[in-house]
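Read off the chains here:
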Amino acid sequence: MKKLPLVIPLIRFKMIPKTLFIFATVLLLFSCSSVKIIQKPVTMNEERKQLSLEYLETRYGLVQEEPTITPKMIVVHWTVIPTLEKSFEAFNPSKLPNWRPEIANASALNVAAQFLVDQDGTVYSLLPETYLARHVIGLNHCAIGIENVGGTGDKELTKAQLKSNIKLINYLKMKYPKIEYVIGHLEYTNFEDHELWLEKDDAYRTEKTDPGVDFINTIRKKTSKHNWKPVPEKIN
Ligand SMILES: [Zn+2]
């Protein structure tokens, strides 16, 4: 019985390398799967707030004190714009620039997304995750947007972007368990008869092909552990 106090420290000592090994493995796995997000906020001013509140009210009939959203889906995009800085410049002002007359009648709020992913996979946060961004007709009140730099011509979306989108989506689903859909912008009109669809004007639509069928299908496949709800069938 007297030897017992000696035995316990020995057992403990033997356990240290094993514990360290497990700890290091967990740390390694965590660092491989976690996503690094760099803050690169777009202009946040009173104008953005007012235009966002106005958007929620006129497009969706939602009267709110703050332009916040309840995330229930993630919408993946490409910017077509070939560089990070030019993409950022497009989203930065609160007010829609003159070169977007086709959507100006619906609202003067500029287009944006909560996240922007560069061609090398670096993830930038442009807006708080639950702050309204104008990126998808009908669904902005519940959709977090991920924009990817490039997408067409010699700036096709990259493997690094794909990996970062997957990590970012895993992170968002963990943070907002009520997210049930991950869709490509090209699929947004499939939600026209869905309970989440709030756009009031049946004539306000734009044709979308981003981020490409393969890109969004691969993302859904690689994040299928979250059991996403299927995108509704298109009703014509
Ligand atoms: Zn888009």
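Above this text you will find the structure in question.
A short tour of the structure in this document, coming up.

Definitions and limits used
- Residues numbered from 1 in each chain as written.
- Predicted model: local features only at pLDDT ≥ 70, side-chain atom pairs only at ≥ 80, totals over all residues.
- Heavy atoms only, no water.
- 1 Å grid on protein atoms, 1.4 Å probe; cavity = no way out; pocket = protein on both sides within 12 Å on 5 of 7 lines; lining within 4 Å.
- Points joined across faces, edges and corners; volume = space filled by probe spheres on them.
- Nonpolar A, V, L, I, M, F, W, Y, C, P; charged D, E, K, R; others polar.
- Donors = N, O, S within 2.8 Å, 3.2 Å for Na, K, Ca; no water.
- Helix = DSSP H or I, 4+ residues; strand = E, 2+ residues; numbered from the N terminus.
- Pairing = 2+ DSSP bridges.
- Axes fitted to C-alpha atoms, helices over the stretch in contact; angles between N-to-C directions.
- Contact = heavy atoms within 4.5 Å.
- Phe/Tyr/Trp six-rings, centres within 6.5 Å; stacked < 30°, edge-to-face > 60°.
- Buried < 20%, exposed > 50% of the residue type's maximum accessible area, 1.4 Å probe, protein only.
- Core = buried A, V, L, I, M, F, W, Y, C linked by side-chain atoms within 4.5 Å.
- Polar contact = N/O pair within 3.5 Å; in protein donor to acceptor, adjacent residues only side chain to side chain.
- Arc of directions from axis to C-beta.

### Here we look at empty space enclosed by the protein
Consideration 1: Taken as a whole and judged by the stated rule, the model has one cavity of 30 Å³ or more.
Consideration 2: What lines the largest cavity is T189, N190, F191, E192, D193, E233, K234 and I235.
Consideration 3: Of the residues contributing to the lining of the largest cavity, the split by class is two nonpolar, two polar and four charged.

### Section: the coordination of the zinc ion
Metal coordination angles have textbook ideals: 109.5 degrees for a tetrahedral set of four donors and 90 or 180 degrees for an octahedral set of six.
Consideration 1: Each protein donor to the zinc ion is listed here as H77 (ND1), H185 (ND1) and D210 (OD); together their distances run 2.0 to 2.2 Å.
Consideration 2: For the zinc ion, all donor residues lie on one chain, and their spacing in sequence is H-x107-H-x24-D. Here D210 lies in the loop between β6 (181–184) and α6 (213–222) and H185 lies in the loop between β6 and α6, a separation of 25 residues in the sequence.

### Details of the sheet that holds β6
Consideration 1: Read across the open sheet, the six strands follow the order β1-β4-β3-β5-β2-β6; overall the sheet is mixed. Strand pairing shows two members of the sheet lacking a second neighbour, β1 (37–39) and β6, which therefore form its edges. Adjacent strand axes in the sheet meet at a mean angle of 25 degrees, parallel and antiparallel pairs treated alike.
Consideration 2: Two elements, strand β3 (residues 115–117) and strand β4 (residues 123–125), share three bridges in a ladder whose sense is antiparallel. Its bridge partner being in β4, F115 is matched across the sheet by S125.
Consideration 3: Relative to the sheet, helix α3 (residues 84–91) contacts β3, β4 and β5 (143–148), its axis offset from that of β3 by approximately 160 degrees.
Consideration 4: Against the sheet, helix α5 (residues 159–175) engages β1, β2 (73–78), β3, β4, β5 and β6, with an angle of about 165 degrees to β5.

### Overview of the packing of aromatic side chains
Consideration 1: In total, this model carries three aromatic pairs according to the counting rule given.
Consideration 2: With 5.1 Å between their ring centres and 85 degrees between their planes, Y181 and F191 make a pair best called edge-to-face. Here F191 lies in the loop between β6 and α6 and Y181 lies in strand β6, a separation of ten residues in the sequence.
Consideration 3: With relative accessibility at 6%, the residue Y181 sits in the buried group.

### Quick word on the layout of surface pockets
Consideration 1: There is about 450 Å³ of room inside the largest pocket.
Consideration 2: As for the largest pocket, its lining consists of 23 residues, of which R100, V111, E147, H185 and K208 are closest to the centre.
Consideration 3: Among the secondary structure elements, those contributing two or more residues to the lining of the largest pocket are β2 and α3.
Consideration 4: For the lining of the largest pocket, the per-class residue count stands at twelve nonpolar, six polar and five charged.

### Re the nonpolar core
Consideration 1: Counting residues in hydrophobic clusters, the biggest one holds 31 residues, and the most contacted among them are M73, L116, L139, I183 and F191.
Consideration 2: Mapped by element, the contributors of at least two residues to this core are β2, α3 and β6.
Consideration 3: Those residues in contact with L116 that lie beyond four places of it in its chain are T79, L84, S87, F88, F91, T122, V123, Y124, L126, E147 and V149.
Consideration 4: Counting 29 residues, the second-largest nonpolar core is a separate cluster that includes Y60, W78, L109 and Y176.

### Examining the environment of R48
Consideration 1: By the secondary structure assignment, R48 is in helix α2 (residues 46–60).
Consideration 2: With relative accessibility at 1%, the residue R48 sits in the buried group.
Consideration 3: Sequence-wise, R48 and A108 are 60 residues apart; in three dimensions their C-alpha atoms are separated by 9.8 Å.
Consideration 4: Only 3.1 Å separates the side chain of R48 from the backbone oxygen of N92, close enough to count as a polar contact.

### Things to note about α6
Consideration 1: Along α6, the residues that are buried comprise F215, I216, I219 and R220. Mapping the buried residues of α6 onto a view down its axis gives an arc of 130 degrees, with all of them on the same face. Residues of α6 that are exposed and point over 90 degrees away from its buried face: D214, K221 and K222.

### Considering the pairing of β5
Consecutive side chains of a regular strand alternate in pointing toward one face of the sheet and then the other.
Consideration 1: Most of β5 is tucked away: six of the six residues are buried.
Consideration 2: Taking every second residue as pointing to the same face, both faces of β5 are buried, with A143, G145 and E147 on one and I144, I146 and N148 on the other.
Consideration 3: As judged from the six bridges shared by β2 and β5, these two strands associate in the parallel manner. From the neighbouring strand, V76 faces β5, where its bridge partner is I146.
Consideration 4: The pairing of β3 with β5 spans three bridges and is classified as parallel. Pairing of L116 across the sheet is with E147, part of β5.

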